[in-house]
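A structural walkthrough
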Amino acid sequence: MPDVSVLKCRKCGALDAGPRLLCPNCRSRALEAAQVEGKGTLLSWTIIRRAPAKMKALAPYAVCVVDLEAGVRVTGRLQAVDAALRPGARVRCAALEGGVAIFSAEA
Amino acid sequence: MRSVSVAGIGSTAFGRLPNMPIEALAVEAAATGLEDARIDQREIGALYLGNFISGPLTGQEVLAGIVGDNLGLPNVPCTKVEGACASGGIAFRHAVLAIATGQCDAALVVGVEKMTHATTPDVTAALNCAMDNRADGVSGLTFPGLFGIAWRVHTQRYGTNREQVSAVVMKNKRNGLKNPLAQMGANLTAEQIAASALICDPLQLYDCCPASDGAAALVLVASDRLDRKDRVDVAATVQTRGAARIAGHPDLCSFDATVQAARRAYEQSGLSPKDIDFVELHDCFSIAEVIDSEDLGIAPRGKGAVYAAEGRTAVGGEIPINPSGGLLAKGHPVGATGVGQLYEATLQLRGKHPNQVQGAAIGLTHNLGGTGVACTVNILKRSDA
Ligand SMILES: [Zn+2]
């Protein structure tokens, strides 16, 4: 299971999904990449059928929002959506594509 | 702070207007507004123009100056403001502030957008400028996608179903039939809506507002300068900022920018949701009306769709929402929408609306931009209310 790359503030320790220029908590410029475990809870998703031009080849694809156990909320995509999937499902990061976390439901 | 009133209003139709370039739309609406206000253009002390994407879609910027020049305004500040779909509401607030703080006695507000000449991919790309592209853009999120995600949470938490949300679509499309400015009023059945193409689950085609051309304008003046029997006063105007990215929202089916703007607008006006006679709110998607009505305190949390299904938000219901047809039926020329809502609200308060809410004395407008990053809430009232 790949980790998800987020930003960690070196001054106050706050985590953020990024990208950001300043820590939104303490305004420090010292943000560094941190790897957190790709396990979390699926909040919601939708299937994009009419994609922006640069994403056309990928459509249809599912964009999702996940609360990682590490305490960061991230936007990513779902690997697959089956009829039984519900908000609240446990998901884990299965792959990274161009920096975007691709999640799949835990068996 | 001085009291501010609406002295005049003007609007083009919203829809497909191939023969009107963007500056012609803006000038037409503004000229009509000046005529309605019976004011000489040389009395205007400031122009605020709301527009979102004239650059990418028409190749034209400095619109505020161009419109001021065409109208023969004196050498006064002409300013374009941008806040995605909330651009029009923001322009209005700046004009109110200019008069309230004594910078000038009369100001012109214009909102305009030109979209229907462009291809769908070009429009989609331009609209996506309203996203934090480094954050949400890379995931492939779109604006319908944002609201598909919100809808799923609403269903999970409150049990909101397709039929209840369709009641919003049917109501607004039906209201649009009575509004001569509306782009696509219609009598739709729940079956037709449920059979329309899936766009972003659970969002379907009829849940989405169209792309539109159009402009609207308001002439604002210091209240003590206006001798007009059907005077409409600004009771509150508030602008807020919310999260710039979807993962920044603490709740995926509520917009904090709306909640905060509404709270402050009620405070500023000394009014509460039960004092409001009608609402023009930002129904860019059907589920947006549901969420907005809850965020504004008009419907109890989780009951927005139920309220529509029970007919409470119809004209003649206890709190009519979008008697104009809203964005779903009237259309959504992005930068014009917020000003268009205030145009509709003024007509209601003058008692001259083609879909009149009986006895309307106080109206609220709500304009939301981007992923909830910019919001304005305004309250207008009849001067005798
Ligand atoms: Zn920090």
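These numbers come from a predicted model, not from an experiment. Within each chain, residues carry numbers counting from 1 in the order of the written sequence. The naming scheme follows written order: chains are lettered A onward, ligands numbered 1 onward. Confidence filtering applies because this is a predicted model: local features only for residues at pLDDT of at least 70, side-chain atom pairs given and counted only at 80 or more, and all residues used for totals across whole chains, interfaces and linings. In computing side-chain properties, one takes all heavy atoms of the structure into account and sets aside hydrogens as well as water.

Bringing the overall build of chain A into the picture now. A tally of helices and strands in chain A yields 0 helices and 8 strands. Helix and strand assignments follow DSSP, with helices taken as H or I runs no shorter than four residues and strands as E runs no shorter than two, numbered in order from the N terminus. Taken from the N to the C terminus, the helices and strands of chain A come in the order β-β-β-β-β-β-β-β. Seen through its principal axes, chain A has C-alpha atoms that stretch 45 × 35 × 20 Å. Think of it in three bands: residues with accessible area under 20% of the maximum for their type are buried, residues over 50% are exposed, and the middle band is partly exposed, with areas taken using a 1.4 Å probe on protein chains only. For chain A, buried positions account for 41% of its 107 residues.

Let's shift gears to the pairing of strand 1 (residues 4-9) of chain A. All names here are of chain A. Pairing between strands requires that DSSP locate at least two bridges from one strand to the other. Pairing of strand 1 with strand 3 (residues 31-36), which is carried by 6 bridges, proceeds in the antiparallel orientation. When the sheet's bridge partners are listed, Ser5 is paired in strand 3 with Gln35. Bridge count between strand 1 and strand 2 (residues 15-16): 2 bridges; the pairing is antiparallel. Note on strand 2: the bridge partner recorded for Leu7 is Asp16.

Residues and elements named next belong to chain A. With water excluded from the atoms, a metal site may look incomplete; its donors are any N, O or S atoms within 2.8 Å, or within 3.2 Å for Na, K and Ca. Within the protein, the zinc ion binds to Cys9 (SG), Cys12 (SG), Cys23 (SG) and Cys26 (SG); these donor distances fall in the range 2.3 Å. Irregular is the default label, applied whenever a site is not tetrahedral (four donors, all angles between 85 and 135 degrees) and neither square planar nor octahedral (four or six donors, opposite donors over 155 degrees apart, all other angles between 65 and 115). Geometry at the zinc ion is tetrahedral, judged from its 4 donor atoms and the angles of 101 to 117 degrees they form at the metal. Site description for the zinc ion: donor spacing in sequence, C-x2-C-x10-C-x2-C. Judged by relative accessible area, Cys23 falls into the buried class, the value being 2%. Residue Cys26 is classed as partly exposed on the basis of its relative accessible area of 25%.

All names here are of chain B. In contact at an axis separation of 5 Å, helix 4 (residues 87-100) and helix 13 (residues 334-349) are set at 60 degrees when each is read in the N-to-C sense. Judged by the angle between their axes, helix 4 and helix 13 are oblique. On helix 13, the residues that touch Ser87, Gly88, Gly89 and Phe92 of helix 4 are Gly335, Gly338, Val339 and Leu342. Under the scheme applied, nonpolar residues are Ala, Val, Leu, Ile, Met, Phe, Trp, Tyr, Cys and Pro; charged residues are Asp, Glu, Lys and Arg; polar residues are all the others, including Gly. Here the contact of helix 4 with helix 13 is composed, by residue class, of 3 nonpolar, 5 polar and no charged. In this analysis, axes come from line fits to C-alpha atoms, helices being fitted only over the stretch in contact, and the angle between any two N-to-C directions falls in the range 0 to 180 degrees. Working definition: roughly parallel below 35 degrees, roughly antiparallel above 145 degrees, roughly perpendicular at 65 to 115 degrees, and oblique for all remaining angles. Residue contacts are counted whenever heavy atoms from the two residues lie within 4.5 Å of one another.

Now for the layout of surface pockets. Here the idea is plain: a probe the size of a water molecule rolls over the atoms and shows the empty space left. Residue and element names in this part refer to chain B. Using protein atoms alone on a 1 Å grid, points that fit a 1.4 Å probe yet trap it form a cavity, whereas open point sets bounded by protein on both sides within 12 Å along at least five of seven lines form a pocket; residues with an atom within 4 Å of a point count as lining. Grid points are joined across faces, edges and corners, and a volume is the space filled by probe spheres set on the points. Considered as a void within the structure, the largest pocket measures approximately 1,100 Å³ in volume. Surrounding the largest pocket, 42 residues form its lining, Val123, Thr124, Leu127, Cys209 and Ala211 being those nearest its centre. Of all elements in the fold, only helix 5 (120-127), helix 6 (143-158) and strand 10 (362-369) reach the threshold of two or more residues within the lining of the largest pocket. Here the lining of the largest pocket takes 5 residues from helix 5, the largest share from any one element.

Before going further, it helps to examine the confidence of the model for chain B. Low pLDDT means the predicted coordinates in that region are not meant to be read closely. Residue and element names in this part refer to chain B. What pLDDT expresses is the predictor's confidence in each residue, scored from 0 to 100. In the predicted model, chain B carries a mean pLDDT of 97, and the fraction of residues at 70 or more is 100%. Per-element confidence in chain B is highest for strand 9 (residues 278-280), whose mean pLDDT is 99, and lowest for helix 5, whose mean pLDDT is 89. Interface predicted TM-score (ipTM) for the complex: 0.97; the corresponding pTM is 0.98.

Another point: the interface of chain B and chain A. Between chain B and chain A, the contact holds 30 residues from the first and 25 residues from the second. In total, chain B and chain A occlude about 2,300 Å² of area from one another, counting both sides; carbon and sulfur atoms represent 57% of this. Note on definitions: buried area is the accessible-area loss of two parts on being combined, 1.4 Å probe, summed for both. It is B:Ser139, B:Arg152 and B:Arg245 in chain B that bury the most area against chain A; as a group they hold 22% of the surface buried on that side. Two residues, B:Arg245 and A:Asp16, come together in a salt bridge whose shortest N-O distance is 3.8 Å. Under the rule applied, a polar contact is a pair of N or O atoms within 3.5 Å (in protein, one hydrogen donor and one hydrogen acceptor; residues adjacent in sequence only if both atoms are side-chain atoms). For the pair chain B and chain A, the interface holds 13 residue pairs in polar contact (both at pLDDT 80 or more). Taken together, the elements giving at least two residues each to the side of chain B that touches chain A come down to helix 6 and strand 5 (198-200) of chain B. Class assignment for the residues of the side of chain B that touches chain A results in 14 nonpolar, 10 polar and 6 charged. Here a salt bridge means any side-chain nitrogen of Lys or Arg lying within 4 Å of a carboxyl oxygen belonging to Asp or Glu.

With that out of the way, let us pick up helix 3 (residues 63-71) of chain B. All names here are of chain B. Turning to helix 3, its buried residues number three or more, namely Leu63, Ala64, Val67, Gly68 and Leu71. Viewed along the axis of helix 3, the buried residues span an arc of 130 degrees, placing them on a single side of the element. In this structure, helix 3 carries Asp69 and Asn70 as exposed residues pointing more than 90 degrees from its buried face. Along its buried surface, helix 3 packs onto helix 1 (22-37), strand 2 (46-50), helix 2 (54-58), strand 3 (78-81) and strand 4 (106-113). Downstream of helix 3 by a residue or two, Gly72 has a phi angle that is positive, lying close to 70 degrees. Relevant arc is that of directions from the helix axis to the C-beta atoms, nothing else.

Residues and elements named next belong to chain B. Read across the open sheet, the 9 strands follow the order 3-2-4-7-1-8-11-10-9; overall the sheet is mixed. Strands with a single pairing partner mark the edges of an open sheet, and in this sheet they are strand 3 and strand 9. If you compare each strand with its neighbour and ignore which way they point, the axes differ by 25 degrees on average. Across 3 bridges, strand 9 lies against strand 10 in parallel orientation. Opposite Val279, over in strand 10, you have Leu364 as the bridge partner. On top of the sheet, helix 1 reaches strand 1 (4-11), strand 4 and strand 7 (214-222); it is set at about 130 degrees to strand 1, its chief contact.

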